[in-house]
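The lines below spell out each chain.
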Amino acid sequence: MIDTILSSIKNGIFTRDFEPLFENKKSIVPGFVDTHAHMAEAGYFMRFLSLSHIKSKKDLLEYISSHLQRGSLNIFVDYDESVFEDEKDITKKDLDKISKDTPILLRRVCGHIAVLNTKGIEYFKDKARENTIDVEKGIAYEYLPLNLYDILSPSVSEIEEGIQKAQRIYLKKGITGILDFAKDINVFKAYTNLDLQGTLKIKVKLAFYEKAFEYLKENGLYTNWQKKRVGIEGIKLFLDGSVGGRTASFYKPYRDAASKGPFYSKTSLQNKIKKYEKAGFKVLVHAIGTRAIDTVLAALPEVSDFHHRIEHFEFPSKTALYLSKKKSAYISMQPNFVARWWKMYKDALYDEEFLLMHPYRTMMERGIVFAFGSDSMPEGPMYGLQGALKHPFKEERLSLKEAIRYYTEEGAGLLNLKTGKMARGFYGDFVVIGDDGDIDAVFVEGEKVYGR
Ligand SMILES: [Zn+2]
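The rules behind each value
Residues numbered from 1 in each chain as written. Predicted model: local features only at pLDDT ≥ 70, side-chain atom pairs only at ≥ 80, totals over all residues. Helix = DSSP H or I, 4+ residues; strand = E, 2+ residues; numbered from the N terminus. Rg over C-alpha atoms; globule rule 2.2 N^0.38 Å. Buried ≥ 20, exposed ≤ 12 C-beta atoms within 10 Å, placed from the backbone. Pairing = 2+ DSSP bridges. Right-handed = clockwise from strand over helix to strand, strands pointing away. Axes fitted to C-alpha atoms, helices over the stretch in contact; angles between N-to-C directions. Parallel < 35°, antiparallel > 145°, perpendicular 65-115°, else oblique. Left-handed = near helix turned anticlockwise from the far one by under 90°. Contact = placed C-beta atoms within 7 Å. Domains from an automatic or database assignment. Nonpolar A, V, L, I, M, F, W, Y, C, P; charged D, E, K, R; others polar. Core = buried A, V, L, I, M, F, W, Y, C linked by C-beta atoms within 7 Å.

### Some points on the overall build of the protein
And step 1. Per the secondary structure count, the protein includes 19 helices and 22 strands.
And step 2. Scaling as 2.2 N^0.38, a compact globule of 452 residues should have a C-alpha radius of gyration of about 22 Å, and the protein matches this with 22 Å.
And step 3. When the backbone C-alpha atoms are referred to their principal axes, the protein occupies close to 65 × 50 × 45 Å.
And step 4. Across the 452 residues of the protein, 50% fall into the buried class.

Structure follows, in structure tokens:
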């Protein structure tokens, strides 16, 4: 079968259609499309040590003190205290015990929270917005962790390096298409450079943070601009934070904290959407909590040239499901969040809102347009799919075949990408899965880029 497929790929492009093949011993599926990734940024942060493997506060503190480089700024990324077996709160005091003269910053896996020691607070004080660091506890909310990349401001060549690092990992996991969030215009330059050099294998659509808008306009870029393997998707807006950080916006309070309103009112979001539409851009709005999701859907225009996107859509109300179809919104969801955090969600939220979590089957049956992505937490569809296959609410589970469709073909449709489907005119990208559920091989444009 693999040979048949390969012989139908000419100049890297499928010349005929193939259905995904599901057999006990081997499955052959299209390349995965990750509709919400942070590949360039993740690549850049691969320069820093990751704490994602650490399962207790004790181990975390030991790891930091044994890997500390005295004198210069030390950044560690991706800690997740929700899985810690001992204490869950990490504060300035803990890090001050490790060092008083070396600045330390730990960024939480959600990207919305960071912990600093006293020296770290000093280092970042002028770079962070006022009142976004709790100086007593040494915890920075939203601004500093979310903008760390901007504050450190990597060069185009540093970003290219990062993309190459990350691309190797993404390809191994069978990902051949992504929507990547570009913090700034250097990311666009890095991707187009790599594509010109012929080293970009993954097909990329870029969504930009708002500050890139002026540049995009000046350079005649717009939604659906496309050149070889790089295209432009739109502008990213944030309406709330994360459940882990207690900054996702709900109507009800959390079990252990108050819930805040969304970052923008309906009216100011509407004005932003109008502004970007007028300039030729689709918007992609981050909305996790029920209240934030309702706000986006209320703000979206009834009729639009664009299928505006909602990112995450974790706890949608019944009204939100209705309106998302009515307003033809496109939705990107992360089943890995369910796999990884559903218990934390259950502890954080009252049932009324917890029970709304990721209603995949309901959405499929209603014909709501959505596709899967990872938010790079971590990347890897084979892991992410578990959240759809083993959803804690049985009635919302998808079959393997359905779940893979939402990680391939539906993603290709959402992004208008020429990968993620084994069809004539699409790039010859496909993935072979072994009987143990792990990836056997990955082919890109007819070339084997990974095999075990
Ligand atoms: Zn994201």
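### Side note on the sheet that holds strand β9 (residues 113–116)
And step 1. Read from one edge to the other, the open sheet built from six strands follows the order β6-β7-β8-β9-β11-β10, with strand pairing classed as mixed. Pairing within the sheet leaves two strands with one partner each, and these edge strands are β6 (49–50) and β10 (133–134).
And step 2. Direction of pairing for β6 relative to strand β7 (residues 74–79): parallel, over a ladder of two bridges. When the sheet's bridge partners are listed, S50 is paired in β7 with V77.

### Notes on the pairing of strand β8 (residues 104–108)
And step 1. The buried count for β8 comes to five of five residues, which makes it a mostly enclosed element.
And step 2. Burial along β8 is two-sided: I104, L106 and R108 and L105 and R107, pointing in opposite directions, are all buried.
And step 3. Where the polypeptide runs from β7 across helix α4 (residues 92–98) and back to β8, its parallel neighbour, the crossover connection is right-handed.
And step 4. For β8 and β9, the ladder comprises three bridges, and the chain directions are antiparallel. Its bridge partner lying in β9, R107 is registered against A114.
And step 5. Connecting β8 to the antiparallel partner β9 that follows it, the hairpin turn spans four residues, and G111 within it adopts a positive phi of roughly 80°.

### Some remarks on the sheet that holds strand β4 (residues 26–30)
And step 1. In space, the five strands of this open sheet follow the order β3-β4-β20-β21-β22, with antiparallel pairing throughout. The outermost strands of the open sheet, each flanked by one partner alone, are β3 (21–22) and β22 (447–451).
And step 2. Two elements, strand β20 (residues 430–434) and strand β21 (residues 439–444), share four bridges in a ladder whose sense is antiparallel. Bridge pairing in β21 places I433 opposite I439.

### Digging into the pairing of β20
And step 1. Of all five residues in β20, four are buried, a share of seventy percent or more.
And step 2. With five bridges joining them, β4 and β20 adopt antiparallel strand pairing. Within β20, the position partnered with P30 by the bridge is F430.
And step 3. Two successive antiparallel strands, β20 and β21, enclose a turn made up of four residues, where G437 displays a positive phi of approximately 80°.

### Here's the deal with the packing of helix α12 (residues 290–299) against helix α13 (residues 318–326)
And step 1. Axis separation between α12 and α13 bottoms out at 9 Å; the angle between their running directions is 30°. By the criterion of interaxial angle, the relationship of α12 to α13 is roughly parallel. Of the two elements, α12 crosses α13, and the hand of that crossing is left-handed. Two secondary-structure elements touch here, α12 through I293, D294 and L297 and α13 through T319, A320, L323 and S324.

### Notes on the domain arrangement of the protein
And step 1. The assigned domain composition of the protein is domain 1 (2–41 + 156–451) and domain 2 (45–152).
And step 2. Between domain 1 and domain 2, the C-alpha centre-to-centre distance is 28 Å.
And step 3. Those elements that provide at least two residues to the side of domain 1 that touches domain 2 are α8 (156–172) and α14 (335–348).
And step 4. Among the elements that line the side of domain 1 that touches domain 2, the one with the most residues is α8, at three residues.
And step 5. Class assignment for the residues of the side of domain 1 that touches domain 2 results in four nonpolar, six polar and four charged.

### Looking at the nonpolar core
And step 1. In this structure, Y191, L206 and V296 are the most contacted members of the largest nonpolar core, which totals 132 residues.
And step 2. Here this core spans two domains, since at least three of its residues come from each of domain 1 (2–41 + 156–451) and domain 2 (45–152).

### Some words on the packing of α14 against helix α17 (residues 381–389)
And step 1. The N-to-C vectors of α14 and α17 enclose an angle of 75°; their axes lie 6 Å apart at closest approach. By the angle between their axes, α14 is roughly perpendicular relative to α17. When α14 is examined against α17, the residues P335, N336, F337, V338 and A339 are found in contact with a partner set consisting of Y383, G384, L385, Q386, G387 and A388.
And step 2. When its residues are assigned to classes, the contact of α14 with α17 shows seven nonpolar, four polar and no charged.

### With respect to the environment of A212
And step 1. Among the structural elements, A212 can be located in the loop between β13 (203–209) and α10 (213–218).
And step 2. Between the C-alpha atoms of A212 and I121, which are 91 residues apart in sequence, the distance is 28 Å.
And step 3. Once you skip the residues sitting within four places of it in the chain, A212 turns out to touch A182, D184 and I185.

### A look at α12
And step 1. In terms of burial, α12 is largely enclosed, as nine of its 10 residues are buried.
And step 2. Of all the residues in α12, the buried ones are T290, R291, A292, I293, D294, T295, V296, L297 and A299.
And step 3. On its buried face, α12 is in contact with α11 (266–278), β16 (282–287), β17 (309–312), α13 and α15 (351–354).

### Regarding unusual backbone geometry
And step 1. Residue P378 is reached from M377 by a cis peptide bond, and omega for that bond is -15°.
And step 2. Its place among the elements puts P378 in the loop between β19 (370–372) and α17.
And step 3. With a phi angle near 55°, E142 is a residue other than glycine that sits in the positive phi range.
And step 4. Within the element layout of this structure, E142 appears in the loop between β11 (139–141) and α6 (143–146).
And step 5. Assessed through the 20 C-beta atoms surrounding it within 10 Å, E142 is described here as buried.
And step 6. For S153, which is not glycine, the phi torsion reads 45° and is therefore positive.
And step 7. Within the secondary structure, S153 sits in the loop between α7 (148–152) and α8.

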